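# Overview (structure and organization)
Below, each chain spelled out in residue letters.
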Amino acid sequence: MLLSKHSYLSRHGIKYTSSPIICINNHNSNCHILCINKRNYAIDTPPEDLQKNVPALQENIDMKNLTLQSSTGRSSVSGVRATVFGASSALGRHIVNQLGRMGSQVILPYRGDGTEVRDHKLMGDLGQIVPLPYQIRDKRSVERVIQDSNVVINAINRRRESRNFSMHDTHVNATHMIARTAAELGVDRFIQVSTANASPDSPSRQFSTKYHGEQVAKAFYPEATIIRPGQMCGNFDWFFDRFAWQWSLPLRRPTIVGPRQRLQPCNYLDVARAIAVCIMDPLSTAGKTYEIHGNVCATKEQFFSRMQEVLSGRKTPYKLYRAWNPKLLGAMLAPIYPIHKNIQFVFDFIRHYPNMQMNTHECVMQTVPDMYYDKERFARDGLLTLQDLGLEPEDYYYWEARCLEPYFDRITPRMEQIQMRRKDIGYGGPVPTTEYLSWHQSAIYGHRRVRRGMFNRDWWGPDAGEYDYQFHEQETPVRYGSDIDGNSPLNNIASTLGR
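Residues numbered from 1 in each chain as written. Predicted model: local features only at pLDDT ≥ 70, side-chain atom pairs only at ≥ 80, totals over all residues. Heavy atoms only, no water.

Along the backbone of the protein there are 22 helices and 15 strands. Across the 499 residues in the protein, those meeting the buried criterion constitute 43%. Accessible surface, the protein as shown: approximately 28,000 Å² in total, 53% of it carbon and sulfur. (Helix = DSSP H or I, 4+ residues; strand = E, 2+ residues; numbered from the N terminus. Buried < 20%, exposed > 50% of the residue type's maximum accessible area, 1.4 Å probe, protein only. Areas by Shrake-Rupley, 256 points an atom, 1.4 Å probe, with all protein chains shown as cover.)

Glancing now at the packing of helix α6 (residues 139–146) against helix α7 (residues 167–185). Running from amino to carboxyl end, α6 crosses α7 at an angle of 60°, the nearest separation of the two axes being 10 Å. The angle between the axes of α6 and α7 places the two elements in the oblique class. Crossing of α6 against α7: the hand is right-handed. On the side of α6, the interface is formed by K139, V142, E143 and I146, while α7 contributes M177, I178, R180, T181, A182, E184 and L185. A per-class count over the contact of α6 with α7 returns six nonpolar, one polar and four charged. (Axes fitted to C-alpha atoms, helices over the stretch in contact; angles between N-to-C directions. Parallel < 35°, antiparallel > 145°, perpendicular 65-115°, else oblique. Left-handed = near helix turned anticlockwise from the far one by under 90°. Contact = heavy atoms within 4.5 Å. Nonpolar A, V, L, I, M, F, W, Y, C, P; charged D, E, K, R; others polar.)

This brings us to the sheet that holds strand β8 (residues 225–229). On the basis of which strands lie adjacent, the open sheet formed by seven strands has the order β5-β4-β3-β6-β7-β8-β13 and parallel pairing. Both outer strands of the open sheet, β5 (129–133) and β13 (289–292), are each paired with one neighbouring strand and no more. Neighbour-to-neighbour, the strand axes of the sheet open up by a mean angle of 20°, direction not taken into account. Relative to strand β6 (residues 151–154), strand β3 (residues 81–85) runs parallel, the two being bridged by four bridges. Residue pairing across strands places T83 opposite V152, the latter belonging to β6. (Pairing = 2+ DSSP bridges.)

We now examine a nonpolar patch on the surface. Together, W324, L328 and M332 make up a nonpolar patch on the protein surface, roughly 310 Å² of accessible area in all. Among the secondary structure elements, L328 is positioned in helix α13 (residues 326–333). (Patch = residues over 30% accessible without salt bridge, like charges linked within 9 Å, V, L, I, M, F, W, Y side chains within 5 Å. Salt bridge = Lys/Arg side-chain N within 4 Å of Asp/Glu carboxyl O.)

Take the environment of S312 next. For S312, the location among the structural elements is in helix α12 (residues 300–312). When its relative accessible area of 6% is taken as the criterion, S312 is described as buried.

This part covers the pattern of salt bridges. Pairing is possible between side chains that carry opposite charge, provided their charged atoms lie close to one another. One pass over the structure, following the stated rule, counts eleven salt bridges. Across the pair E214 and R228 runs a salt bridge, and its minimum N-O distance is 2.9 Å. Of this pair, E214 sits in helix α8 (residues 205–220) while R228 is found in strand β8, placing the two residues 14 residues apart along the sequence. Exposure remark for E214: the relative accessible area of 1% places this residue in the buried category. Residue classification places R228 among the buried positions, given a relative accessible area of 7%. For E400, the salt bridge identified is with R306, shortest N-O distance 2.8 Å. Pair noted here: E400 is in helix α17 (residues 396–404) and R306 is in helix α12, with a separation of 94 residues, a long-range link. Overall, R306 belongs to the partly exposed group, its relative accessible area being 31%. What emerges from the salt-bridge pattern is a single network uniting E214, R228, E291 and R377.

On to the nonpolar core, then. Soluble globular proteins tend to bury their nonpolar side chains together. Formed by 37 residues in total, the largest nonpolar core has its most connected members in I95, L99, I153, I227, V271, I275 and I279. In this structure V271 touches L91, I227, P229, M232, C266 and I292, once residues within four positions along its chain are discounted. Counting 27 residues, the second largest nonpolar core, distinct from the first, contains I136, V142, F190 and V216. (Core = buried A, V, L, I, M, F, W, Y, C linked by side-chain atoms within 4.5 Å.)

Another point: the confidence of the model for the protein. A residue-level look at the protein finds 65% of positions with pLDDT of 70 or above and a mean pLDDT of 76. Across the protein, the element-wise mean pLDDT spans from 36 in helix α1 (residues 8–12) up to 97 in β8. The model gives residues 447–476 a pLDDT under 50, and that stretch makes 55 contacts with residues more than four places away or in other chains. (pLDDT = per-residue confidence, 0-100.)

This next bit is on the pairing of strand β7 (residues 189–193). Of all five residues in β7, five are buried; the element is thus mostly enclosed. Here β7 shows two buried faces, one formed by R189, I191 and V193 and the other by F190 and Q192. Here β6 runs beside β7; their pairing, made up of four bridges, is parallel. In the strand pairing of β7, V152 is matched with F190. In this region the chain leaves β6, passes through α7 and returns to the parallel neighbour β7; the handedness of that crossover is right-handed. Summarising the sheet, β7 and β8 pair through three bridges and their orientation is parallel. Across the sheet, I191 pairs through a bridge with T225, a residue of β8. The parallel pair β7 and β8, bridged by α8, forms a crossover whose chirality is right-handed. (Right-handed = clockwise from strand over helix to strand, strands pointing away.)

Residue placement: T170 occurs in helix α7. In this structure the C-alpha to C-alpha distance between T170 and G213, which are 43 residues apart in sequence, comes to 9.2 Å. T170 has contacts with I156, N157, R158 and F165, leaving out every residue within four places of it along the chain. In terms of polar contacts, T170 uses its side chain to reach the backbone carbonyl oxygen of S166, at 3.0 Å. (Polar contact = N/O pair within 3.5 Å; in protein donor to acceptor, adjacent residues only side chain to side chain.)

With respect to the helices and strands, D270 occurs in helix α10 (residues 268–280). Not counting chain neighbours up to four residues away, the residues in contact with D270 comprise I292, L386, E392, P393 and E394.

All right, on to the packing of aromatic side chains then. Summed over the entire model, instances satisfying the criterion amount to 14 aromatic pairs. With a centroid separation of 6.4 Å and 85° between ring planes, the pair formed by W247 and Y321 is classed as edge-to-face. Residue W247 is found in helix α9 (residues 240–247), and its partner Y321 is found in the loop between α12 and β15 (322–324); the two are separated by 74 residues along the sequence. In this structure, W247 and Y321 share a single accessibility class: buried. These aromatic residues form a ring-pair network of at least three members: F239, F240, F243, W247, F303, F304, Y321, Y396 and Y397. Directly above the ring of F236 sits R93, whose terminal nitrogen or CZ lies 4.4 Å from the centroid. (Phe/Tyr/Trp six-rings, centres within 6.5 Å; stacked < 30°, edge-to-face > 60°. Lys NZ or Arg CZ within 6 Å of the ring centre and 35° of its normal.)

Structure (structure tokens):
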């Protein structure tokens, strides 16, 4: 039944009853009896009563055997049916990929038209990745995406507030809806993704509400596993792309907020693999909190200046960027925050500049807490690390080069590019570009050949006519003519002379 979101049934739901409903049809004398069991969920039900619906992990044989079943490929069946909330985020797609590669069926709740999770279908076998629409404030839709799942992963996160969802709505109320519904339906495993250094007295609303979201998850699932990632980086991140984009702008004067904030970036793959290990080994990870950090720790200012050196290939003694004190800037933006947070959506339409943000008071306060491995804090709060799961973090310098490569041509001076290309030319000369058609290419090579991109690195060699359509190595023996079967007279004469 298709219902409009403005209809009465969509807003209030259908009241089912366990007693038979007799429907009398006036056109004939047939009577239709419809019996539907009523599902009563009281709002004031304590979490202790809902915990009875969740089977104990020690008695759950299926969850015990996940480690043995989930070691094969995407076409296998691991027995995991996971619902991943927040799958459209950069972290969410890595989680879905980790679950899909071990043969799990993944349910992707989404809002809007679903374009954000459309590409996720390629991460699993046919029919294993199932996007479903939902609304976090509609309990029926949340029940629909959670039912029949044995794992629920809550990775919903917002870096800023909006007119419709505050930080408390996103991190506390949404967690309450998901954890409560999962407990009512008897889901076996619940994993909550939080943030590093989450505390109730944090100056950032995101960090404080993340902490309260953890408490809500533990109230309904005492054996829930809490994952606290630090500053994340990698593909589609908010770290490399945002900083490198500022350095690549013309007439640039990049700006950072909170230069003294200590960061230890971790990769999205580290967090996704940690979640996969928690799913495969539920007994040893139940009820524990893992805070994940990378292998390099420095201040934000050091990371920012290093990106400029890596992109430009030179180290300058001058300070080419501006640094704001977060406490000073936060005091300036705090009075206008109620208005400031409601006009951020205007800048969402400016997609020509990726990762563009307008610093609000909340964005500034997120740069105050340090996010790194502190031994004293870990020992005091009983936190575990990535090594406790048997994993090693990804190399920061490898991902730095990989993520900054698209921005290299924008910032490297033109003469340095020409010199580096002359060194890398090697045998055969540079390949004519196919990105544009110049008068020189059209006159010398012909516009059709240039447009089709039929040149490789040995395009001027003696075998260009034979191997024009494919890439080949330099050791390929030279064949004259264009006869595929080898019956060319020129080839026959060459083979005869060779004998």
